[in-house]
Amino acid sequence: MSTSTTLRQSVYDRFFESSYGEYAKIGITAGPGVVWLLLLLLFPLVFLVTISFASVNDSYQIVYEFSVSNYVSLLHGQDGWFTTPFVDTFLLSLGIAVVTTLVTIVFAFPVAYLLARASGTLFKALLFTILLPFFTIYIVRIYSWYAFFGSSGIINSFLVWTGVVSGPVSLFNYGVFPIIVALAHAYFPYMLLTLYSSLDGIDYSVVEAARDLGSSRVGVAKDIVVPLSAQGLITGSIFVFVPSLGSFITPKFLAQGKVAMVGEILADRINQIYAIDFGSAGSIFLIIPCLIGFLLIFKYADLGEMRGI
Amino acid sequence: MSDKTKERFAPGGSATADRFGFLRKTSLEDLAATYGLYLFAGATIAFLWLPLLFIVVLSFGVNSSSVVPFEGFTLANYVDLFTNASLMSASLQSFVVATTSAVVATLLGVPAAFALARYSFRGKEAFRSLVILPLLIPGVIMGIDMLIFFQSVIDLPLGFFTTVATHSVFGLPFIVLPVAARLLTFDRSIEESARDLGADPLTVMKDVTLPVVAPAVAAGFVFAWLRSFEDFTRAFFVSGTMDLLTKSMYSLVVYGQNANVMKPMATVLIVLVGVALVVAMNIGQVSDYV
């Protein structure tokens, strides 16, 4: 061994193999990441929650006194509690997010299952085919949905041109339906990849055994595959539900003002008038579902399952 | 009951199917289920391609805002794109931001992945969840809280640094998760053999460990880069007056200007990504990281 290698070795041994060396290793590797995340992820979030309980004076300065005035103005309307437009918007957003999640589950499950059973070239080809559409720039993708939907969009124009309907179908006009379609499309890979990870981990000899014992394919799906992939379903649902709830440009483009979602009105208030009071209090309604999802993942998912996202 | 009757009522099979040996264990219901599955999945995948086809096909179209009536193929949109100076400079800016934030995420994330995969410490579960959090937070929340943080707390002017900082946080999970997963499946006995053969820990890291995790790092880097390049919501809040591609596209659409140049840009990106994916899937083991 050369002298430099021996020197390196002895320095390393002296430092890292000593009793506090283990802590040093952890500090050097995880340290910067922890500091960065605490500073730029956790602290701003906590600060946002904190100032939602403060108030803002007329010159946009934050008045650091405990007050629930922000929440009251958000939730208490003219006719009493929970009658404000904000509450209606929030409930609509919840509904859209739930439907979107269910839609992604229904459509992603078969694809994930086939992907999990495929191998080799078929697997690679299938994966490529499934994932490529999601590398389109999101704004351009929404623009394409914008062109598809609408009373004079591609879908309606095509239907009218072929004579199937006499006028534009109102379902395809801008509003809730296009939003759900666009969101389900956008967050499809999250559901797909978590389901795939989960289904990939199933030992399919169990399925074979069930088939040998006389179960039908539907029975196998119902009694074996779905329960074993429950964890993936939960994780995937969280990763679809929470972002859908807080979606911003999707409703902005595809609702054309007819309906609004929570993320959209928060963004508008902050951007147009820097309404920190409204923005911070309203954000809580998105942060709480996010935290609930976070806790569920913290409890139930394991690292190996999250590879694909 | 006769054997024939028993067969007829046996679950998962039918007397008819049993007559045809090759269909043993496959009833009509099963066939319908299997082919129904293929059909359903195929239709889903076809649906997934709708926006992509719209974008790519119409980027070559004369009247590229609608399919009917279709007037003909042209490269005019591409010419418009590459001669549009503001869009080109915005793309360059997005490129620089994406690369810088992906590099920062890698520098922070690779060591963090080692910590998560190899060491155990108090608060490890919390750290792991903290790393996953940026994937979960809606863009509006992250944008708003970062905006308020930069403006009202530390009074930092919005621009390059704030955008890179935000995007590096956003991209961190994309580095940490694949690298940690790779480390967890990595057979450490190679490292031990290297140590036995006289290598010091630095050499082991350099010559054994890093080459093994390199594909995971590369895959994570590319995903983090892409997420930063195409991010709109967060950048919208924290980039101030800095030109970014997604912001330029947004104003094109919102102010009703000629948005036809967006499609060539998206198509170019898709082609590049598609080629990179094909290459990576065949040379590296990117498909393992799914």
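Here the structure is shown first, and the text comes after it.
Predicted, not measured: the structure shown is a model, and the values here were computed from it. (Residues numbered from 1 in each chain as written. Chains lettered and ligands numbered in written order. Predicted model: local features only at pLDDT ≥ 70, side-chain atom pairs only at ≥ 80, totals over all residues. Heavy atoms only, no water.)

Q: Give a description of the overall build of chain B that names residues and reports values.
A: Along its length, chain B carries 14 helices and 0 strands. Seen in sequence order, chain B has helices and strands lined up from the N terminus as α-α-α-α-α-α-α-α-α-α-α-α-α-α. Looking at chain B as a whole, 52% of its 290 residues are labelled buried. For chain B, contacts bridging at least 24 residues in sequence account for 66% of all contacts bridging at least 6. (Helix = DSSP H or I, 4+ residues; strand = E, 2+ residues; numbered from the N terminus. Buried < 20%, exposed > 50% of the residue type's maximum accessible area, 1.4 Å probe, protein only. Contact = heavy atoms within 4.5 Å.)

Q: Tell me about helix α7 (residues 154-162) of chain A, and name the residues and values.
A: All of the buried residues along α7 of chain A are Ile154, Asn156 and Leu159 of chain A. Gly163 of chain A, located one to two residues past α7 of chain A, shows a positive phi value of around 80°.

Q: Give me the lowdown on the packing of helix α6 (residues 138-148) of chain A against helix α8 (residues 176-200) of chain A, citing residues and values where you can.
A: Residue and element names in this part refer to chain A. Taken N-terminus to C-terminus, the directions of α6 and α8 make an angle of 145°; their axes are 10 Å apart at the nearest point. The hand of the α6/α8 crossing is right-handed. Of α8, the residues touching α6 (which contributes Tyr138, Arg141 and Trp145) are Val181, Ala182, Leu183, His185 and Ala186. Each residue belonging to the contact of α6 with α8 can be placed in one class, and the counts come to 6 nonpolar, 1 polar and 1 charged. (Axes fitted to C-alpha atoms, helices over the stretch in contact; angles between N-to-C directions. Left-handed = near helix turned anticlockwise from the far one by under 90°. Nonpolar A, V, L, I, M, F, W, Y, C, P; charged D, E, K, R; others polar.)

Q: Explain the packing of helix α10 (residues 189-196) of chain B against helix α11 (residues 201-229) of chain B residue by residue, including any values.
A: When two helices pack together, you describe them by how their axes are tilted relative to each other and by the distance separating the axes. All names here are of chain B. Direction vectors running N to C along α10 and α11 enclose 135°, while the axes themselves pass 10 Å from each other. Judged by the angle between their axes, α10 and α11 are oblique. When the axes of α10 and α11 are compared, the crossing they make is right-handed. Taken together, the residues of α11 that come into contact with α10 (itself represented by Ile190, Glu191, Ala194 and Arg195) are Pro201, Val204, Val208 and Thr209. Of the residues belonging to the contact of α10 with α11, the class tally is 5 nonpolar, 1 polar and 2 charged. (Parallel < 35°, antiparallel > 145°, perpendicular 65-115°, else oblique.)

Q: Pulling in residues and values, what's your account of helix α10 (residues 217-228) of chain A?
A: All names here are of chain A. Helix length check: α10 (12 residues) gives 15 Å between terminal C-alpha atoms against 16 Å at 1.5 Å per residue, within 8%. Residues Gly219, Val220, Ile224 and Val225 constitute the buried set of α10. In a view along the axis of α10, the buried residues occupy a sector of 150°, so they form one face of it. Turning to α10, the residues buried within the fold contact α4 (85-117), α8 and α9 (205-212). (Expected span 1.5 Å × (residues − 1). Arc of directions from axis to C-beta.)

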